[in-house]
Every structure is written in structure tokens, then in C-alpha cells.
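Structural overview
The residues making up each chain are set out below.
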Amino acid sequence: MDAHLNDLLNGRGQEDRNESGSSTRAVHGGARRNKAFNSLTEPVVQTATYTFRDTQDLIDFMERKTWGDGDDREEYGRYGNPTVTAVERKLAALDGGDDAVLYSSGMNAVTSVLLTILPAGAHIIMTDDCYRRTRQFCLTYLKRFGIETSVVPMGDYEAMEAAIIPKKTRIIISESPTNPYLRIADIERVAALGKKHKVLTLIDSTFATPINQRPLDWGIDLVMHSATKYLSGHNDILVGVVTGRGDRIKALRDSRGVLGGVVDPHAAYLLDRGIKTLGVRMGQQNANALAVAQFLETHPAIERVWYPGLASHPDHAVAAEQMSGFGGVVTFEVKGDLKITSDFIDRLRIPYIAPSLGGVESLIEQPALMSYYEKTTEERLALGMKDNLVRFAVGIEDTDDLLEDLEQALSGVPVYQTHVRQLNDLWEKRFRT
Ligand SMILES: *Cc1c(COP(=O)(O)O)cnc(C)c1O
């Protein structure tokens, strides 16, 4: 393989980063050369520490490290691991960044970024549809350190700009698509605002993955993913990742050595293995979710559907312009109350009832009974979580099987049965006259 292509696959070669496709990078990106024992797959280097041949070997390493050039070997597990590094390079290549840093979970990635970059008294801006725990971290934990957070409505870029406090605002955090309404950030505008006011921008791109959108290409500074979801793809590990420019990621890697949110080498291996099929999985999940959304939108037992691939979604235009796929999650309201909705969910045979998303298995949840169980109906409504709301994280099953399953489960919704009865009456009347 020529050196140029190799650089590209390894996440370097910024100027030509659009030359190889995402699936090629998902399979080949990362350390391709010099693998131990000529192993095709990434060896799992299951060690906590690394040895030195003799004292001179140690002194040579310390000299190189002191002068900023100790990248040729590892020293201790909290500072680096070859299996982890290989996945980091693959993810950098996928997101079009210089480098990436892996963390023990998506939340650890968020908290580590913020603890690394924010000084005392700093100010954060985030959008209101942001991941619950990210909001909680900023509004309660960081507040204790004198860090203030302004929450602005998703899609209101005037409010976002107006919230910027000169010299105090350090970061704008948004998610895209968001959970559960799948709102899409105009990331070009977010990036432009950040550049204009010299504020760092971070997009939580968990729901999009590098297959559907690469925010770094649009000028965003840092991209974060909960790799627990689509990137690993099999609901079997928790991992987080941040990608971006080399110097920023280096600072994050240094702070990870202090904060300690490292990922286990075996989990890193499973992530590497999962990412290899990211392209085909996302292709199927994008297609399945679009089919499900279109089916539900015309179904008489469904009140409303949110899916950015539908023209009815408030952010369809920006999604169509900035994304190459609309993702695998569909959110909808059943015509009925809490019980009618959970009865519908219980009739489904394919999806499991579980939190999370992004794995090969379809998962379904009623937010009122899952993430917001402890809240009253009024509190839930204030947060925009109706009792009849359902989040369907579509897997890679056959499209027809998913549609058939939805059809049979929806046929038990009382509104639908009334609808069918009315249709039958109508038909009979016509037939008789
Ligand atoms: C799941 C999730 C997180 C948190 O990631 P963990 O790996 O569960 O810690 C953050 N953001 C989004 C959008 C998520 O879906």
C-alpha cells in the first residue's frame, strides 16, 4: 500500500481526507502496519504496564519523553495501550480528524472534555434537547465549581448567539440528531458562531455516526460519540470517544492520564471489531428506520411521527442538506394513553424493551416509563415527554418483518379497531346502495 493511502487510512492527510469512503476507513482505518505476529486483527494487548529492558532503556525513553518525542512505546496503561491507540486512529480516520481519544463511556468523554477545558467561572451554552446526563453534569456538578450554563432552544441560533458572554463562554454543546425528537442542529451555523466569537464547539454525534454526518468537515471543533451505541453496534460494551484537531486531542489524552477514564483493551478490541461493519449496519438501519417512519406516518393508530427523513419533520431541510442518512431512531405518539401505548409495546415480538440504541437488535421504549419514570405526568409534559410517546431504535432485522410486527401490534390499538369498524360500515353502505 502506498504511504499516502496509508496515511489517509490512519487519520492523517487532512487535505485529502475525502478521498476514501467511510466503509473503507471503517474496515481498514487505524494501525495497518507492524501488527504483532502478522495478526490480521488488532491484537488485544491485555496489560496494565510496560517493561524496560534495562536502566539505559528507561533513561533513553525518559530523555525522548522529556523532549516531546516518546510516542514510540507505552509506559503505563493509564497513558496508553496499543489496542486502544489502533481504534483511536480508526475513529480519527472515520470522523476526518487528526486524532481521537477513547474513554470508558460516553458520559466519561463528556465530563472529561469539560473538566479539561473549562477554567473556574467559565460559561457553557447548550441546546435544550441535550442528553439528560450531560445537562445534569453541567447544571448541577459544574455549577458547584462556579461554572454557569445557559440552555437555549434547539434551532434558535439568535438565542445561541445572544447567550454568548464575551471572554466567559468557552464552549457551545449541541447534539444532532437529538433524543428523542431527533432535532437536527444546523452545524454549519453553530461552527460559524463559534469561530466568530472564538468559542469552542462540540457536537455529540452519537445518533448520526460518521456514516451519516461528519461535523468536523463543517468546521466543528470537537466531536463526541457514545461508542456504546452504533459504533460498537452490538450492545455489549460501554465506550466514549472524542475526535478533533491534534493539539486538542493531545490535551485530552494528557488529561485522561490524570482523570483516569481509560477503556479496557478488550472493550477496545470489541469496538474495533464492531466498527468494521459500521457502514453496512448504518445502511440497513437508515433504510429500516425510514421505512418504519413512512409506514407509521400513514397509520390511523399513530398520532404523530418524528423522523428527520420525513418532510413533516421540522428540521428535514437542514438534515437533507447536511446529512447523508437520517439515522436508525424513529419517535412517535400512539393514539391513546399510557396503558394503550404500553399494551401496544407488549404486543410487539421483535424489539426488546430496553434503554439504549445503535445495536443490531431493535430496542423500544416508552420514555414516560423508562428515563422519566420518577416524574409526574405534569413534570413529564413540561419536559415534552407525553405518556403515549415511543422511541423505536431500529435494528438490522429485515424491513418487512419489522413492518409486519408493527402492523400486528397496532391492530390492537382501540382507535384502530374503531377505525376499521367504521370503514367496514362505510363499505357495507356503499355495497348496499
Ligand atoms: C448514550 C448516550 C450518551 C452517554 O453515553 P454512555 O456510553 O452511555 O456513557 C451521551 N450522549 C448520547 C446522545 C447518548 O445517546
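In case you missed it, the structure is sitting above this.
Remember, predicted model here, so these are calculated numbers, not experimental data.

A word on the packing of helix α12 (residues 278-297) against helix α16 (residues 399-410). Contact geometry of α12 with α16 gives a least axis separation of 10 Å together with a crossing angle of 30°. Viewed along their axes, α12 and α16 adopt a mutual orientation that is roughly parallel. The two elements α12 and α16 cross, and the hand of that crossing is right-handed. On the side of α12, the interface is formed by Gln284, Asn288, Ala291, Val292, Phe295 and Leu296, while α16 contributes Thr399, Leu402, Leu403, Leu406, Glu407 and Leu410. In terms of residue class, the contact of α12 with α16 is built from 8 nonpolar, 3 polar and 1 charged.

On to a nonpolar patch on the surface. Where nonpolar side chains cluster on the molecular surface, the patch consists of Leu115, Val258 and Leu259 and spans about 290 Å² of accessible area. Its place among the elements puts Val258 in helix α10 (residues 246-259). Judged by its relative accessible area of 71%, Val258 falls in the exposed class.

Checked against the element boundaries, Pro153 lands in the loop between β3 (148-152) and α7 (157-162). As a C-alpha pair, Pro153 and Met126 span 27 residues in sequence and 8.7 Å in three-dimensional space. Contacts of Pro153, omitting those with residues within four sequence positions, involve Asp128 and Ala159.

This paragraph deals with the pattern of salt bridges. This model, assessed by the stated rule, comprises 22 salt bridges. The shortest N-O distance in the salt bridge between Arg53 and Asp57 comes to 3.8 Å. Residue class for Asp57 comes out buried when judged on its relative accessible area of 12%. Between Asp72 and Arg64 there is a salt bridge, with its nearest N and O atoms 2.8 Å apart. With relative accessibility at 54%, the residue Asp72 sits in the exposed group.

What follows deals with unusual backbone geometry. The step from Ser176 to Pro177 runs through a cis peptide bond, and the omega angle for that step is -15°. Cis geometry is adopted by the peptide bond preceding Pro180, which originates at Asn179 and carries an omega value of 0°. With a phi close to 55°, Asn38 is a non-glycine residue in the positive phi region. Along the chain, Asn38 turns up in the loop between α2 (22-28) and α3 (55-66). Of note, the phi angle at Lys167 is positive, near 70°, even though the residue is not glycine. Note that Lys167 resides in the loop between α7 and β4 (169-175).

Another aspect to go through is the sheet that holds β3. Spatial strand order, β1-β7-β6-β5-β4-β2-β3: 7 strands in an open sheet with mixed pairing. The open sheet terminates on both sides in strands that have one partner only, identified here as β1 (99-103) and β3. Averaged over all adjacent pairs, the angle separating strand axes in this sheet is 20°, with direction ignored. Bridge count for strand β6 (residues 222-226) against strand β7 (residues 240-244) is 5 bridges, and the pairing is antiparallel. Pairing of Val223 across the sheet is with Thr243, part of β7.

Rules of the game
Residues numbered from 1 in each chain as written. Predicted model: local features only at pLDDT ≥ 70, side-chain atom pairs only at ≥ 80, totals over all residues. Heavy atoms only, no water. Axes fitted to C-alpha atoms, helices over the stretch in contact; angles between N-to-C directions. Helix = DSSP H or I, 4+ residues; strand = E, 2+ residues; numbered from the N terminus. Parallel < 35°, antiparallel > 145°, perpendicular 65-115°, else oblique. Left-handed = near helix turned anticlockwise from the far one by under 90°. Contact = heavy atoms within 4.5 Å. Nonpolar A, V, L, I, M, F, W, Y, C, P; charged D, E, K, R; others polar. Patch = residues over 30% accessible without salt bridge, like charges linked within 9 Å, V, L, I, M, F, W, Y side chains within 5 Å. Areas by Shrake-Rupley, 256 points an atom, 1.4 Å probe, with all protein chains shown as cover. Salt bridge = Lys/Arg side-chain N within 4 Å of Asp/Glu carboxyl O. Buried < 20%, exposed > 50% of the residue type's maximum accessible area, 1.4 Å probe, protein only. Pairing = 2+ DSSP bridges.

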